[in-house]
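Below are the chains, spelled out letter by letter.
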Amino acid sequence: MTNSDTSVQSSAVRIQDLGKTYPGASGPALSGVSLSVAPGEIVVLLGLSGSGKSTLLRHINGLETPTTGSVQSLGQEVTSLRGRDLRALRGRIGFIFQQFELVGALSVLENVLTGSLSTLRGPRVGVWSYPRALREKALGHIERVGLLDRTYQRADRLSGGQQQRVAIARALMQDPEILLADEPVASLDPESSSQVMGLIREIAAERGLTVVCSLHQVDLALSWGDRIVGLRGGEVVLDTRTDNLSREQVMEIYGRVATSTTEIAAVEVELAEAREQVLEQELRRAAVAQNTDRAGEDKA
Ligand SMILES: Nc1ncnc2c1ncn2[C@@H]1O[C@H](COP(=O)(O)OP(=O)(O)OP(=O)(O)O)[C@@H](O)[C@H]1O
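Only a predicted model underlies this, so the values are computations on that prediction, with no experimental measurement involved.

Trainee: Before we move on, could you go through the packing of helix H5 (residues 160-172) against helix H6 (residues 190-207) and cite the residues and values that matter?
Mentor: Running from amino to carboxyl end, H5 crosses H6 at an angle of 15°, the nearest separation of the two axes being 10 Å. Judged by the angle between their axes, H5 and H6 are roughly parallel. Between H5 and H6 lies a crossing whose hand is right-handed. Along its contact with H5, which presents Gly-161, Gln-164, Arg-165, Ile-168 and Leu-172, the element H6 presents Ser-192, Gln-195, Val-196, Leu-199, Ile-200, Ile-203 and Arg-207. Tallied by class, the residues present in the contact of H5 with H6 amount to six nonpolar, four polar and two charged.

Trainee: Please give an account of the pairing of strand S6 (residues 93-97) that cites residues and values.
Mentor: Burial runs high along S6: four of the five residues are buried. The sheet contact formed by S6 and strand S7 (residues 178-182) spans five bridges and is parallel. Pairing of Phe-95 across the sheet is with Leu-180, part of S7.

Trainee: Quick one: what's the story with unusual backbone geometry, residue by residue and with numbers?
Mentor: One non-glycine residue, Phe-100, lies in positive phi territory at about 65°. Tracing the sequence through the fold places Phe-100 in the loop between S6 and helix H3 (108-113). On the accessibility criterion, Phe-100 (3% relative accessible area) is buried. For Glu-183, which is not glycine, the phi torsion reads 45° and is therefore positive. Mapped onto the secondary structure, Glu-183 falls in the loop between S7 and H6.

Trainee: Describe the site of the ligand, naming the residues involved and giving the relevant values.
Mentor: Taken together, Tyr-22, Ala-29, Leu-48, Ser-49, Gly-50, Ser-51, Gly-52, Lys-53, Ser-54, Thr-55 and Glu-183 make up the full set of residues adjacent to the ligand. In the environment of the ligand, an oxygen atom lies 2.9 Å from a nitrogen or oxygen atom belonging to the side chain of Lys-53. For the ligand, whose accessible area on its own is 620 Å², the fraction buried by protein is 56%.

Trainee: Outline the sheet that holds strand S4 (residues 68-73), supporting the account with residue identities and numerical values.
Mentor: Pairing is antiparallel across the open sheet formed by four strands, whose spatial order is S2-S1-S4-S5. Looking at which strands have only one partner, the edges of the open sheet turn out to be strand S2 (30-37) and strand S5 (76-77). Across the face of the sheet, helix H1 (residues 53-60) comes into contact with strand S1 (13-20), S2 and S4 while running at roughly 125° to S1.

What counts and how
- Residues numbered from 1 in each chain as written.
- Predicted model: local features only at pLDDT ≥ 70, side-chain atom pairs only at ≥ 80, totals over all residues.
- Heavy atoms only, no water.
- Axes fitted to C-alpha atoms, helices over the stretch in contact; angles between N-to-C directions.
- Helix = DSSP H or I, 4+ residues; strand = E, 2+ residues; numbered from the N terminus.
- Parallel < 35°, antiparallel > 145°, perpendicular 65-115°, else oblique.
- Left-handed = near helix turned anticlockwise from the far one by under 90°.
- Contact = heavy atoms within 4.5 Å.
- Nonpolar A, V, L, I, M, F, W, Y, C, P; charged D, E, K, R; others polar.
- Buried < 20%, exposed > 50% of the residue type's maximum accessible area, 1.4 Å probe, protein only.
- Pairing = 2+ DSSP bridges.
- Near = heavy atom within 4 Å.
- Polar contact = N/O pair within 3.5 Å; in protein donor to acceptor, adjacent residues only side chain to side chain.
- Areas by Shrake-Rupley, 256 points an atom, 1.4 Å probe, with all protein chains shown as cover.

Below you can see the structure in the form of structure tokens.
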């Protein structure tokens, strides 16, 4: 099954025969990937750890350079852009990450405002250094993601789901036409995961946003995406709309690979990494809390 024949004119993203081999790597991270994404479409990249999802996403906004092939985003050949032109294209493409990438010590409002930095000259320190129009815009986005009552709270005092909502609001400051999301709910519990994914879907519909999002949970991909692109070993092994697609059909293609010893090992590594990340996060939170308490005691 393939949907990769969407016409050039109607594509928000058009990737042709993309190959990527990282320097020093024993094999390619991506090979022969062709994919077109229509404006307003919500596409899930589904695959195990190491299947090439992040690498593919990072080519769409020019964070990686292909070894072979072509990547067009919003009608522009990304590989031919440099400097200001590349920055201008990136300004039209929002990116949200698994680890949220917020500045923990800053307030929700300040984090959201940093999403507009690419449109401003010079550094900004503090909320009041941003123009009033941007402050109002940021408040609108904070309200949209349901965090108005947390506007002045430190980002690292929020739950994972709330932090990802802040990251969504920050991405909206760019008025993006495409939103890329790299495992946005991998660090969240199932309930927060579906809330965050639901929010992204609603916002995408309101704004006609094109979304390309990597996930490794089959159920979430099925309930959330318009279309699933399955990656395995850097190649597209499935490309289909989710209507009328059953979990069993996806598992037949996606799950079948997990019967081999290598793939089972990959799943185990993935779980171990996820556990480590949660532990690391907890330790970081505890350290920040301890430092803050100490600072409070010193002042007192
Ligand atoms: N900067 C890099 N340098 C060398 N190899 C890399 C680099 N980034 C990724 N790789 C390798 O490329 C392959 C694809 O990695 P990628 O991160 O794109 O997969 P993924 O599906 O997003 O996995 P995950 O869900 O764990 O992030 C893996 O074998 C990985 O080790």
